[in-house]
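Commentary on secondary and tertiary structure
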Amino acid sequence: MASDADVIVVGGGLAGLVAATEIADAGKRVIVVDQEGEQSLGGQAFWSFGGLFLVGSPEQRRLGIRDSYDLALQDWMGSAGFDRDEDLWPKRWAEAYVAFAADEKREWLRAMGHRIFPVVGWAERGGYDAMSHGNSVPRFHVSWGTGPGIVEPFERRARESQASGRLTFKFRHRVDALTISAGTVDGVSGTILEPDSAERGKSSSRKAIGDFTLRAQAVIVASGGIGGNHDLVRQNWPKRLGEAPKNMISGVPEHVDGRMIGITEAAGARLINRDRMWHYVEGIRNWNPIWPRHGIRILPGPSSMWFDATGRRLPPPLFPGSDTLGQLTHIMSTGYDYSWFVLTQSIIKKEFALSGSEQNPDLTGKSWRMTVKRATNKGAPGPVEAFKSHGADFVVRDNLADLVAGMNELSGDNLLNPRHLRIQIEARDREVANPYTKDHQVMNIHNARRYIGDRLIRTAKPHQILEPDHGPLIAVKLNILTRKTLGGFETDLDSRVFGNDGQIMPGLYAAGEAAGFGGGGMHGYRSLEGTFLGGCLFSGRSAGRAAAKAVG
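All figures in this text were calculated on a predicted structure; none of them were measured in a lab.

Conventions we followed
Residues numbered from 1 in each chain as written. Predicted model: local features only at pLDDT ≥ 70, side-chain atom pairs only at ≥ 80, totals over all residues. Heavy atoms only, no water. Helix = DSSP H or I, 4+ residues; strand = E, 2+ residues; numbered from the N terminus. Expected span 1.5 Å × (residues − 1). Buried < 20%, exposed > 50% of the residue type's maximum accessible area, 1.4 Å probe, protein only. 1 Å grid on protein atoms, 1.4 Å probe; cavity = no way out; pocket = protein on both sides within 12 Å on 5 of 7 lines; lining within 4 Å. Points joined across faces, edges and corners; volume = space filled by probe spheres on them. Nonpolar A, V, L, I, M, F, W, Y, C, P; charged D, E, K, R; others polar. Core = buried A, V, L, I, M, F, W, Y, C linked by side-chain atoms within 4.5 Å. Contact = heavy atoms within 4.5 Å. Pairing = 2+ DSSP bridges. Axes fitted to C-alpha atoms, helices over the stretch in contact; angles between N-to-C directions. Parallel < 35°, antiparallel > 145°, perpendicular 65-115°, else oblique. Left-handed = near helix turned anticlockwise from the far one by under 90°. Polar contact = N/O pair within 3.5 Å; in protein donor to acceptor, adjacent residues only side chain to side chain. Phe/Tyr/Trp six-rings, centres within 6.5 Å; stacked < 30°, edge-to-face > 60°.

It is worth spelling out helix H1 (residues 14-25) at this point. Between its first and last C-alpha, H1 extends 16 Å over twelve residues, near the 16 Å set by a 1.5 Å rise per residue. Considered for burial, the residues of H1 that qualify are Leu 14, Ala 15, Gly 16, Leu 17, Val 18, Ala 19, Ala 20, Thr 21, Glu 22, Ile 23 and Ala 24. Immediately downstream of H1, the backbone of Gly 27 shows phi near 90°, a positive value.

Structure, rendered in structure tokens:
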């Protein structure tokens, strides 16, 4: 039977775009199928903050940061905690990816016009020992233009290949099955959905208007994860993280449903590490939602005081920005699925950023005039102030008694005792009177302010929470926010998928979140942040190049 293309790519997100452009650049014909419309090209990457994990970059060196492959690999392996027989390929992918991040990644992107904001962020700081979880140094490089800034070079390349006839998009084509002939994956079949001009991210129609079958010599599955499907998240939830939350909000649109993962697994592909996942604990309900249960993650600086639902301060080193899954495990151990930040206006204006391209119009719009206000503005960024004014999870009061009353009213649980919170806050406040301290969080703040990037735009000058001059007082109810699948289809370094018999499935490749960002879970148990987009880039490139070579 004649082929419709040399390769079919399932999914028009970042990994799929990268794979497709590599195939087209190799002179091969490629079809990209996606159940969403053309307006959703770029997938989840479009909505991201655009953070990239880079090692030993010029941006780091200019800020006095000494980084290296060895240090980054030490951090990665300490965070990943690989301990399973099935971690063979994930570990190899981790080693290869860190080498990519320390070598050609930046220049490969730069050659396509990608640029980086000059201040490097310090995410997932850990707080344990040198061989445990966390970034020893700042490595979070924000794309100039945020998520759209990382999508643009690949969309441009794809449009050029489309114009030349080497790349074809088939939007509103939902894959229902992989086709296999003589043991080789050689195509897809599925349903054509009715056209829908719904805004990017909004739920689209699932009305069927026809069927399709496409043939090729190879298929790349780059369909994303499961974060929009809360039932599937709960089904795969590991006991080590406690009981699955009863209430969650979504960091991804509804169509991130894991459907294609099930279809590919049913075809015989080996799915590993499905219990490894990455969900945030600093989620807030979007006051202006785009998709169902739309949540936004706070990217916090280190100074907010963090309390569980009963009013107990989270223990060291579970401070803002330190250990996402450690915080998640601790919060779920309390019997409640939410927690609280308590902070001041001085902290929120300096330390709160919101994840998402639409929440950062200065960086997304590439406006230096707007961006410089992050360091000079007397108030918080506009989107942050909008959440403070309109967000359902914010309580703003002039004194602690009224603040706690508002927190109890918001949660409806009436668990918080104002005297208990006051004792803890006043004890912390006494510790900021000196440049030295025994309070681990205050130590963490002093350490952060030694780094010029944090001192300029991410860490408030230490002050007493109850000092009126820094008010008003602010409390933020933090929800569990679904985001990433860390496990996925087991692949070799050419992104070829293993079957359940332990053998490569001819003709089948996987990339991006569907492949655990490479190998079936190159992050292991934990992420160092800024690693998800990069995993899509690296695995998509590997899949595209290997498939193009294999089809002759």
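So, next bit.
Moving on, we come to empty space enclosed by the protein. Across all of its chains, the model carries three cavities of 30 Å³ or more by this definition. If you add up the space inside the second largest cavity, you get close to 40 Å³. Residues that form the lining of the second largest cavity fall into these classes: one nonpolar, five polar and six charged.

One finds Ile 220 and Val 476 to be the most contacted residues of the largest nonpolar core, which totals 137 residues. When near neighbours in sequence (up to four residues on either side) are disregarded, Ile 220 contacts Val 7, Ile 8, Val 9, Val 10, Ala 19, Ile 23, Tyr 509, Ala 511, Ala 543, Gly 544 and Ala 547. The next biggest cluster of nonpolar side chains, apart from the first, holds 16 residues, and it includes Phe 49, Ile 65, Val 120 and Phe 140.

Before going further, it helps to spend a moment on the sheet that holds strand E7 (residues 184-193). Pairing within the open sheet is antiparallel, and its three strands lie in the order E6-E7-E8. Edge positions in the sheet fall to strand E6 (173-181) and strand E8 (208-215), since each has one partner strand and no second. Going across the sheet, the axis of each strand differs from the next one's by a mean of 20°, ignoring polarity. Alignment of E6 against E7, held across eight bridges, turns out to be antiparallel. Across the sheet, the residue bridging to Val 175 is Gly 190, located in E7.

Turning our eyes to something else, we now look at the pairing of E7. Among the ten residues in E7, eight count as buried, and that is most of the element. Taking the residues that link successive antiparallel strands as the turn, the E6-E7 hairpin has two residues, and the phi of Ala 182 there is positive, at about 50°. Pairing of E7 with E8 involves seven bridges; the strand directions are antiparallel. Pairing of Ile 192 across the sheet is with Gly 210, part of E8.

Turning to the packing of H1 against helix H6 (residues 146-164), a few remarks are in order. Two numbers describe how H1 lies on H6: the axes approach to 9 Å, and their chain directions differ by 40°. Between H1 and H6, the angle falls in the class oblique. Crossing handedness for the pair H1 and H6: left-handed. Residues Leu 14, Leu 17, Val 18, Thr 21, Glu 22, Ala 24 and Asp 25 of H1 touch H6, and the partners they reach there are Ile 150, Val 151, Phe 154, Glu 155, Arg 157, Ala 158 and Ser 161. Split by residue class, the contact of H1 with H6 holds eight nonpolar, two polar and four charged.

Turning to the side chain of Arg 172, a few remarks are in order. In this fold, Arg 172 is placed in the loop between strand E5 (167-171) and E6. In this structure the side chain of Arg 172 is engaged in a polar contact, spanning 2.9 Å, whose partner is the backbone oxygen of Glu 194.

Reading across from one edge, E5-E2-E1-E9-E21-E20 is the order of the six strands in this open sheet, with mixed pairing throughout. Only two strands of the sheet have a single neighbouring strand rather than two, namely E5 and strand E20 (496-498). Taken pair by pair, the neighbouring strands of this sheet meet at an average axis angle of 30°, ignoring direction. Note: E20 against strand E21 (residues 504-510), two bridges, orientation antiparallel. Across the sheet, Arg 496 pairs through a bridge with Tyr 509, a residue of E21. Its contacts with the sheet place helix H19 (residues 532-550) against strand E1 (7-10), strand E9 (218-221) and E21, and it is angled at close to 140° to E21.

Next up on the list: the environment of Pro 300. Its place among the elements puts Pro 300 in the loop between strand E13 (295-299) and strand E14 (305-308). We classify Pro 300 as buried; its relative accessible area is 9%. In the structure, Pro 300 is positioned 185 residues away from Arg 115 in sequence and 24 Å away in space, judged by C-alpha atoms. Each residue touching Pro 300, except ones within four places of it in the same chain, is listed here: Glu 282, Pro 320, Gly 321, Phe 341, Glu 351 and Arg 458.

This paragraph deals with the packing of aromatic side chains. Enumeration according to the criterion identifies 26 aromatic pairs in this entry. Summarising the aromatic geometry, the rings of Phe 46 and Trp 47 are spaced 5.3 Å apart at their centres and angled 85° between planes, so their arrangement reads as edge-to-face. Judged by centre distance (5.3 Å) and plane angle (40°), the rings of Phe 517 and Phe 532 are tilted. Residue Phe 517 is found in the loop between E21 and H19, and its partner Phe 532 is found in helix H19; the two are separated by 15 residues along the sequence. Judged on exposure class, the residue Phe 517 and its partner Phe 532 are both buried.

Let us now look at the pairing of E9. Neither face of E9 is open: one carries Ala 218 and Ile 220, the other Val 219 and Val 221, and all of them are buried. Sheet topology places E1 next to E9; four bridges connect them, and they run parallel. Bridge pairing in E9 places Ile 8 opposite Val 219.

Spatial relationships are all this shows, so hold off on functional conclusions.
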